[in-house]
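Each chain is listed here by its residues.
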Amino acid sequence: TEVTDLAKLCAPFPPDRVSWRVGSTTGDKQKGMALAYVDARDVMERFDAVCGLGGWQCRYVPIGTKTCCEISVKVGDEWVTKADGAGDTDFEGDKGAFSDAFKRAAVKWGVGRYLYDVEAPWVQIEPMGKSFKIKESEYARLRALLSKGQAAHPAQTAPSAKPPTAAKLTIGQWGAERKAEIDLLRNPKAFNTWWQTHDDKLRQLQDSH
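In every chain, residue numbers begin from 1 and rise along the written sequence. The predicted origin of the model limits local features to residues at a pLDDT of at least 70 and limits the giving and counting of side-chain atom pairs to 80 or more, whereas totals for whole chains, interfaces and linings rest on all residues. Note: side-chain values were computed over all heavy atoms of the structure, leaving out hydrogens and water.

**Q** Even after reading the chapter, I still don't get the overall build of the protein, so can you show me in this structure?
**A** Along the protein, the regular secondary structure elements total eight helices and seven strands. Burial here depends on accessible area, computed with a 1.4 Å probe over protein chains only, as a share of the maximum for the residue type. Under 20% is buried, over 50% is exposed, and the range in between is partly exposed. Expressed as a percentage of the 209 residues in the protein, the buried residues total 37%. Of all intrachain contacts in the protein linking residues separated by at least 6 positions in sequence, the fraction that spans at least 24 positions is 61%. Surface accessibility follows the Shrake-Rupley procedure with a 1.4 Å probe radius. Residue values consider only the protein chains on display as shielding. Surface accessibility of the protein: about 12,000 Å² in total, with carbon and sulfur atoms responsible for 53%. Here a strand is any run of E in DSSP of at least two residues, a helix any run of H or I of at least four, and the numbering for each starts at the N terminus. In what follows, a contact means two residues having at least one pair of non-hydrogen atoms within 4.5 Å.

**Q** So what exactly am I meant to see when it comes to the pattern of salt bridges here?
**A** A side chain of one charge can pair with a side chain of the opposite charge if their charged atoms are brought near each other. Whenever a carboxyl oxygen of Asp or Glu lies within 4 Å of a side-chain nitrogen of Lys or Arg, that contact is scored as a salt bridge. A complete count under the given rule lists six salt bridges for this structure. Between Asp42 and Arg17 there is a salt bridge, and its shortest N-O distance comes to 2.8 Å. You can see Asp42 sitting in helix α1 (residues 40-51) and its partner Arg17 sitting in the segment before β1 (18-25), a full 25 residues away along the chain. Measuring nitrogen to oxygen at the nearest pair gives 3.0 Å for the salt bridge that ties Arg141 to Glu138.

**Q** Got a minute to help me understand the sheet that holds β1 in this structure?
**A** Where strands meet in a sheet, backbone hydrogen bonds hold them as pairs that are either parallel or antiparallel. Taken together, the four strands give an open sheet; going across it, the order is β1-β2-β6-β7, and neighbouring strands pair in antiparallel fashion. Lying at the two open borders of the sheet, with one neighbouring strand each, are β1 and β7 (131-134). Going across the sheet, the axis of each strand differs from the next one's by a mean of 60 degrees, ignoring polarity. Here a strand pair is declared whenever DSSP counts at least two bridges between the two strands. Examined bridge by bridge, strand β6 (residues 122-128) and β7 share four bridges and lie antiparallel to one another. Among the inter-strand pairings, Glu126 is bridged to a residue of β7, identified as Lys133. Fitted lines through C-alpha atoms give the axes, limited to the stretch in contact for helices. The angle between two N-to-C directions lies from 0 to 180 degrees.

**Q** Would you explain the packing of aromatic side chains in this entry?
**A** The geometry of an aromatic ring pair is captured by the separation of the ring centres together with the interplanar angle, meaning the angle of the planes. Each aromatic pair joins two rings of Phe, Tyr and Trp (for Trp, the six-membered one) with centres within 6.5 Å, and gets the label stacked for planes under 30 degrees apart, edge-to-face for over 60, and tilted for any other angle. In this structure the tally under the stated criterion is three aromatic pairs. Aromatic side chains Trp56 and Phe102 sit 6.2 Å apart centroid to centroid with 40 degrees between the ring planes, which places their arrangement in the tilted category. Placement of Trp56 in strand β3 (residues 56-63) and of Phe102 in helix α2 (residues 94-108) is noted, with a sequence separation of 46 residues between them. Take Trp56: its relative accessible area is 13%, and that puts it in the buried class. Pairing Tyr60 with Phe98 gives two aromatic rings, centres 4.6 Å apart and planes at 65 degrees, and the pair type is edge-to-face. With Tyr60 in strand β3 and Phe98 in helix α2, this residue pair connects regions lying 38 residues apart in the sequence. When its relative accessible area of 36% is taken as the criterion, Phe98 is described as partly exposed. Look at NZ for Lys and CZ for Arg. If either is within 6 Å of the ring centre and within 35 degrees of the ring normal, a charge sits over the ring. The ring centre of Phe13 lies 4.1 Å from the NZ or CZ of Arg46, which sits over that ring.

Written out as structure tokens, the structure is:
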């Protein structure tokens, strides 16, 4: 039986396939945290390319108000499953929950995991409907940060390996580094938004200890 090279799941994505969204914002709504992410379709294509069309599968399981996604990969003659979940998002409700749960489960296989170590800087933002978008003038700096993050993560990083910083940081140390961000939070809604934005990183730190 042919053995799939699962390490290829961890390979960085081409820069043009990585997008940025606005996370937490300052009180005056002039700046926001830039967060790197990949689209669920690109994640699906990564599994297709590495595992083959019949070499992986996923299913969604409702757990209370959350959606759990189980991604199974055929390793030799056996199916191995890794899972994670998410709640409804503010923007797309159930659809957002399915997409987020899928991408979180994919991270367990190493897909896009390196993006957790890409810096999330404060950038200039502007209104876009009821939300915000990053100003075009900021993208040159963001692309440079992305290139730096990719260089630190070779394509052959093992899927089960912990990101370098996660193994060294404690939750307390990570929180102390973000004291300036926390000090900007003026109300419970802003804190909840910040917490949801960093939920993946907090999970990652908890898993590493």
